[in-house]
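A look at the structure
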Amino acid sequence: MSLVLRVGPARAQWWLEHLQSLLPDIECRPWDDPGDPAAVRYAVVWKPPAGGLKRFPNLELIVSIGAGIDHVLADPELPQGIPIIRTTGDELTQRMREYVLMHVLRIHRQLPLVEAAQEKAEWLQIVIPPATGRTVGVMGLGNLGGDAARMLATVGFKVRGWSRSPKLIDGVSPFAGFNALEAFLSECEILVCLLPLTSETRGILNADLFAKLPAGASVINAARGEHLVEDDLLAALDSGHLKSATLDVFYEEPLPSKHPFWAHPKVLVTPHVASMIDPESGGKMIAANIQRFIAGEPIADLVDLEKGY
């Protein structure tokens, strides 16, 4: 039996060699050279092309290299009924925690204004309320979102959390379901999106949602580019209703060089680096989950295919 790996070319060989060392009883092969398709039992993938996975008639397990599985479910020819495991872990959570805290504090402490003043040699002292006077909303309270919300509350922010079903987190005011979305948004001065991408959440960051935020609010999207209606964001920024946007994910990646986000004065672009997975730690998590699957043991990261996450 064998495993087939699809990952970006920059680290493909590193991933392949590391997984092979962790799974010595399974032949690990690259996506473009899988050997006998009938021998492939496991697929470890990031953004597999449409129809790619159906090549393997005896496939037993799909592993997403990342916490999201939307890139797998996007395949219109995806073989049905095959278990999917997402990849999470302490390092991914830590990296997202750092990213969210860094950019929430950047907005809260008005760092862009300070940087602009420095360019003009202007001594600008801004009176900023402490974190206890700022409300931050987190959309999505799964592994990454729940941890980020908890961390922001520990720092002292007034934190609100919104999720599909009720989630209780110390220091976080809970809101659940679309009926509670308007109330959740009404006081969010900084909004962080860490939602899973599903049919319900695709395009959720739109003009209607932005209008429900307080004037002068800021948006941080570190979930998926498809959550955002780009033209609606640009309109909300240009009108002055939104103060700023920090974007780590996009419809098209890499972001095209002529995209308006690059040059917009109210947009900070980061190149999908909020919580990157590396072969060293990621490979260990993936190998451990595959071994649990083979042994018939419970797997915490097994996806609920009905929910889509």
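Before any of the text, the structure's been laid out above.
We now turn to the structure provided with this report. (Residues numbered from 1 in each chain as written. Predicted model: local features only at pLDDT ≥ 70, side-chain atom pairs only at ≥ 80, totals over all residues. Heavy atoms only, no water.)

As a further point, take the packing of aromatic side chains. Applying the stated rule across the entire model yields 4 aromatic pairs. With a centroid separation of 5.3 Å and 75° between ring planes, the pair formed by Trp162 and Phe178 is classed as edge-to-face. With a gap of 16 residues between them, Trp162 in strand β7 (residues 158-163) and Phe178 in the loop between β8 (172-176) and α6 (181-185) connect regions that are remote in the sequence. Plain terms: the ring middles of Phe250 and Phe261 are 6.3 Å apart, the flat faces sit at 50° to each other, and that makes the pair tilted. With Phe250 in the loop between β11 (242-247) and α9 (260-263) and Phe261 in helix α9, this residue pair connects regions lying 11 residues apart in the sequence. Owing to a relative accessible area of 6%, Phe250 belongs among the buried residues under this scheme. Given the relative accessible area of 0%, Phe261 is considered buried. (Phe/Tyr/Trp six-rings, centres within 6.5 Å; stacked < 30°, edge-to-face > 60°. Helix = DSSP H or I, 4+ residues; strand = E, 2+ residues; numbered from the N terminus. Buried < 20%, exposed > 50% of the residue type's maximum accessible area, 1.4 Å probe, protein only.)

Applying the stated criterion to the full structure yields 13 salt bridges. The salt bridge involving Arg95 is made with Glu91; its shortest N-O contact spans 3.9 Å. Taken together, the positions of Arg95 and Glu91, both in helix α3 (residues 90-108) and 4 residues apart, correspond to about one turn of that helix. Judged by relative accessible area, which is 28%, Arg95 ranks as partly exposed. Where Arg134 meets Glu189, a salt bridge forms, and the shortest distance between an N and an O atom there is 3.3 Å. A residue pair is termed long-range when its members are at least 10 positions apart, and Arg134 in the loop between α4 (111-119) and β6 (135-139) and Glu189 in the loop between α6 and β9 (190-193) qualify at 55 residues. We classify Arg134 as buried; its relative accessible area is 12%. On the basis of relative accessibility, which here comes to 26%, the residue Glu189 falls in the partly exposed class. Through salt bridges that share partners, Glu27, Arg29 and Asp33 make up one connected network. (Salt bridge = Lys/Arg side-chain N within 4 Å of Asp/Glu carboxyl O.)

Let us now look at the sheet that holds strand β10 (residues 217-221). What links the strands of a sheet is backbone hydrogen bonding, and the strands pair in either a parallel or an antiparallel sense. An order of β8-β7-β6-β9-β10-β11-β12 is seen for the 7 strands of this open sheet, with the pairing classed as parallel. Two strands bound the open sheet, and with one partner strand each, they are β8 and β12 (267-269). Across the sheet, the mean angle separating the axes of adjacent strands is 15° when strand polarity is ignored. When β7 meets β8, the two strands line up parallel, connected through 5 bridges. Residue pairing for β8: Ser163 is matched across the bridge by Ala176. Strand contacts of α3: β6, β9, β10, β11 and β12, with the helix running at about 155° to β11, the strand carrying the most contacts. Docked against the sheet, helix α5 (residues 143-155) engages β6, β7 and β8, running at close to 170° with respect to β6. (Pairing = 2+ DSSP bridges. Axes fitted to C-alpha atoms, helices over the stretch in contact; angles between N-to-C directions. Contact = heavy atoms within 4.5 Å.)

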